[in-house]
Amino acid sequence: MNNCENYRFIERYRPYRDLTFKFYSNGSLTIIDNTAEEVITPRELKGESYDFYVRKRLAFIKQDLRTKLQKFA
């Protein structure tokens, strides 16, 4: 089963994008610009939205590693 964690992030500085980050348990990611209603890539992120993405991605990786260590320890 492929679980998904959704996070919404609204930029405080221009261009004030309203973004939804979808992190899937298989490691894939979807970033949606809610205003433009289009999918964007991590390369298109800047500033605080990029920082948000990196922090959430690292937290996801750490949790995945903890889960695997518990499973196989």
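Preceding this section is the structure that the text describes.
Student: How should I be thinking about the pairing of strand 3 (residues 29-33) in this particular structure?
Tutor: Two faces, one strand: in a regular strand the side chains alternate between the faces of the sheet. When strand 2 (residues 18-24) meets strand 3, the two strands line up antiparallel, connected through five bridges. Looking at strand 3, one finds that Lys22 is bridged to Thr30. In textbook terms, the turn of a hairpin is the stretch between consecutive antiparallel strands, and for strand 2 and strand 3 this stretch comprises four residues, one of which, Gly27, has a positive phi near 100 degrees. Strand direction decides the pairing type here: strand 3 and strand 4 (residues 38-40), joined by three bridges, are antiparallel. Looking at strand 4, one finds that Asp33 is bridged to Glu38. Hairpin connection, strand 3 to strand 4: the antiparallel pair is bridged by four residues, and Glu37 has positive phi, about 55 degrees.

Student: What exactly am I supposed to notice about unusual backbone geometry here?
Tutor: Leaving glycine aside, a negative phi is the common case for residues, and trans is the common case for peptide bonds. Each neighbour pair has its own omega, and for Arg14 with Pro15 the value is 15 degrees, a cis peptide bond. Mapping Pro15 onto the fold places it in the loop between strand 1 (4-10) and strand 2. For Tyr16, which is not glycine, the phi dihedral falls at a positive 55 degrees. Residue position: Tyr16 is located in the loop between strand 1 and strand 2. Residue Tyr16 is classed as partly exposed on the basis of its relative accessible area, which comes to 47%.

Student: I tried to follow the side chain of Arg17 on my own but got confused; where do I start?
Tutor: Looking at the secondary structure, you find Arg17 in the loop between strand 1 and strand 2. Aside from chain neighbours lying at most four places away, what touches Arg17 is Phe9, Ile10, Glu11, Asp33, Ile40, Glu44, Leu45, Lys46 and Ser49.

Student: It is not clear to me how the side chain of Glu48 should be interpreted in this structure. Could you clarify?
Tutor: Within the fold, Glu48 resides in helix 1 (residues 47-72). In terms of polar contacts, Glu48 uses its side chain to reach the backbone amide nitrogen of Arg12, at 2.4 Å. In contact with Glu48, other than residues within four places in its own chain, are Phe9, Glu11, Arg12, Tyr13 and Arg55.

Student: Please explain the pairing of strand 2 as it appears in this structure.
Tutor: Summarising burial for strand 2: five of the seven residues are buried, a large majority. Direction of pairing for strand 1 relative to strand 2: antiparallel, over a ladder of seven bridges. Residue pairing in the sheet places Cys4 in a bridge with Tyr24 of strand 2.

The rules we used
Residues numbered from 1 in each chain as written. Predicted model: local features only at pLDDT ≥ 70, side-chain atom pairs only at ≥ 80, totals over all residues. Heavy atoms only, no water. Pairing = 2+ DSSP bridges. Helix = DSSP H or I, 4+ residues; strand = E, 2+ residues; numbered from the N terminus. Buried < 20%, exposed > 50% of the residue type's maximum accessible area, 1.4 Å probe, protein only. Contact = heavy atoms within 4.5 Å. Polar contact = N/O pair within 3.5 Å; in protein donor to acceptor, adjacent residues only side chain to side chain.

Any functional reading would require information that these geometric values do not contain.
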